[in-house]
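Letter by letter, the chains look like this.
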Amino acid sequence: MATILHPSPIFGPILSRRLGVSLGINLLPADGKVCTFDCVYCECGLNAERVPHSKFPSKDDVLEALEVRLIEMKQNGPTPDVLTFSGNGEPTLHPQFGDIVDGVIALRETYFPNAKISVLTNSTRIFQPNVFKALMKVDNNILKLDTVYMPFIEMVDRPVDTYYDVDLLVAQMARFKGHCIIQTMFLCGQVDGKDVSNVGDSFVEPWIEKLKIISPKMVMVYTIDRETPLRTLKKASREDLDGIADKVRKAGIVCSVSY
Ligand code: SF4
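If you're wondering where the values come from, they're calculated on a predicted model, not measured in any experiment. (Residues numbered from 1 in each chain as written. Predicted model: local features only at pLDDT ≥ 70, side-chain atom pairs only at ≥ 80, totals over all residues.)

### Some details on helix 1 (residues 59–76)
Taking 1.5 Å per residue, 18 residues should reach 26 Å; helix 1 reaches 26 Å between its end C-alpha atoms and fits that length. Of all the residues in helix 1, the buried ones are Val62, Leu63, Leu66, Arg69 and Leu70. Seen end-on, helix 1 carries its buried residues on one side only, within an arc spanning 135°. Turned more than 90 degrees away from the buried face of helix 1, the exposed residues are Asp60, Val68, Glu72, Gln75 and Asn76. Where helix 1 is buried, its residues meet strand 1 (10–16), strand 2 (20–26) and helix 2 (97–111). In the stretch just after helix 1, glycine 77 is the one whose phi turns positive, near 75°. (Helix = DSSP H or I, 4+ residues; strand = E, 2+ residues; numbered from the N terminus. Expected span 1.5 Å × (residues − 1). Buried ≥ 20, exposed ≤ 12 C-beta atoms within 10 Å, placed from the backbone. Arc of directions from axis to C-beta. Contact = placed C-beta atoms within 7 Å.)

Right, dumping it as structure tokens:
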């Protein structure tokens, strides 16, 4: 298994397919993964194989390490396009998430005021008032919605210790009033011998109906980029991704594609 864990609390910068030169902020432990999903395609590996032994970094640890790295980048480059909360799991699980977002915004203003701040989240915690408030403050509030079909979510995203109801989730996403980006993973292959391809019309059409309710500023369509824990998964084809993006655009929503 060639899945990867990221250093914590700061990693990169990396050249992201979707975001450009991205400096990573990993609020999870460096030696494992913590997430309210256990996606079969997760590049960090499966939850059971990645149980961390160390603690979450503190707010001070995160902000001090970020400032050191931003000063280095100011002196030696490169200029970041974006400071991205991602890493070894779900960033909004950090108990000081809101305060850390405030601190990152302040450091961004000091060192790279043109850089965007992005949060990649699986959306399971957007009902928490403090998480919702913090996500409203960042430039790119990027919310996962891989499908609106519950059996697929249970087989592929696999919520852990969390109640997941698509209609409630979509209603909450709509409360961002357009201040959100929806990210959707399209893939093919099998899980436990069952087909999990979500590129067909039976998945795409109902998903687009929910997108119309959410009315995001953008949709990011993407597919598997790195090795996955399950070798039975495959990338969605370029043709399928382009066709899906066209349908989103015809619904009047901006859509990007990463192959
Ligand atoms: S939501 Fe992201 S971090 Fe969590 S299991 Fe899925 S891919 Fe991995």
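### Structural notes on the sheet that holds strand 8 (residues 194–195)
In a beta sheet, neighbouring strands are held together by backbone hydrogen bonds and run either parallel or antiparallel to one another. Taken together, three strands build an open sheet; the order of strands is 8-7-10 and the sheet is antiparallel. The open sheet has two edge strands with one neighbour each: strand 8 and strand 10 (233–235). (Pairing = 2+ DSSP bridges.)

### Some remarks on the sheet that holds strand 11 (residues 255–258)
As summarised here, the arrangement of the eight strands in space is 1-2-3-4-5-6-9-11, forming an open sheet in which the pairing is mixed. Looking at strand neighbours, the two that pair on one side only are strand 1 and strand 11, the edges of this open sheet. In this sheet, neighbouring strand axes are inclined to one another by 25° on average, regardless of whether the strands run parallel or antiparallel. Two strands pair when backbone bridges link them, and strand 4 (residues 116–121) and strand 5 (residues 140–144) are joined in this way by four bridges, in the parallel orientation. Residue valine 119 lies in a different strand from strand 5, and its bridge partner there is asparagine 141. Along the sheet, helix 7 (residues 238–250) makes contact with strand 9 (218–222) and strand 11, crossing strand 11 at roughly 170°. (Axes fitted to C-alpha atoms, helices over the stretch in contact; angles between N-to-C directions.)

### Remarks on the pairing of strand 2
Summarising burial for strand 2: five of the seven residues are buried, a large majority. Direction of pairing for strand 1 relative to strand 2: antiparallel, over a ladder of five bridges. Within strand 2, the position partnered with isoleucine 10 by the bridge is isoleucine 25. Hairpin remark: strand 1 followed by strand 2, antiparallel, with three residues in the connecting loop. Two strands pair when backbone bridges link them, and strand 2 and strand 3 (residues 82–86) are joined in this way by five bridges, in the parallel orientation. In the sheet register, glycine 24 faces strand 3, and the bridge partner there is threonine 84. You can see the chain leave strand 2, run along helix 1 and come back into strand 3, and the turn it takes is right-handed. (Right-handed = clockwise from strand over helix to strand, strands pointing away.)

### Digging into the site of the ligand
The environment of the ligand is formed by Cys35, Phe37, Asp38, Cys39, Cys42, Cys44, Gly89, Glu90 and Asn122. Here the residues of the shell around the ligand sort into five nonpolar, two polar and two charged. (Near = placed C-beta within 6 Å. Nonpolar A, V, L, I, M, F, W, Y, C, P; charged D, E, K, R; others polar.)

### Focus on the packing of helix 5 (residues 166–174) against helix 6 (residues 201–214)
Their axes nearest at 8 Å, the elements helix 5 and helix 6 cross at an angle of 35°. Contacts between helix 5 and helix 6 involve Val170, Met173 and Ala174 from the first element and Lys210, Ile213 and Ile214 from the second. Its residues assigned to classes, the contact of helix 5 with helix 6 shows five nonpolar, no polar and one charged.

### Description of the nonpolar core
The biggest cluster of nonpolar side chains holds 62 residues, and the ones touching the most others in it are Ile25, Leu27, Leu143 and Ile182. In contact with leucine 27, other than residues within four places in its own chain, are Pro9, Phe56, Pro57, Val62, Phe85, Gly87, Pro91, His94, Phe97 and Ile100. (Core = buried A, V, L, I, M, F, W, Y, C linked by C-beta atoms within 7 Å.)

### Structural notes on the pairing of strand 4
Where strand 3 meets strand 4, four bridges bridge the pair, whose relative direction is parallel. Across the sheet, threonine 84 pairs through a bridge with serine 118, a residue of strand 4. Between strand 3 and its parallel partner strand 4, the chain crosses via helix 2, and the hand of that crossover is right-handed. One crossover worth recording links strand 4 to the parallel strand 5 by way of helix 3 (residues 129–137), and it is right-handed.

### Regarding unusual backbone geometry
Of note, the amide linkage connecting serine 8 to proline 9 takes the cis form, showing an omega dihedral of 5°. In this model, glycine 12 is joined to proline 13 through a cis peptide bond whose omega is 15°. Among the secondary structure elements, proline 13 is positioned in strand 1. One non-glycine residue, lysine 177, lies in positive phi territory at about 50°. Residue classification places lysine 177 among the exposed residues on the basis of 9 C-beta atoms within 10 Å. With a phi angle near 55°, serine 215 is a residue other than glycine that sits in the positive phi range. As for its placement among the helices and strands, serine 215 is situated in the loop between helix 6 and strand 9.

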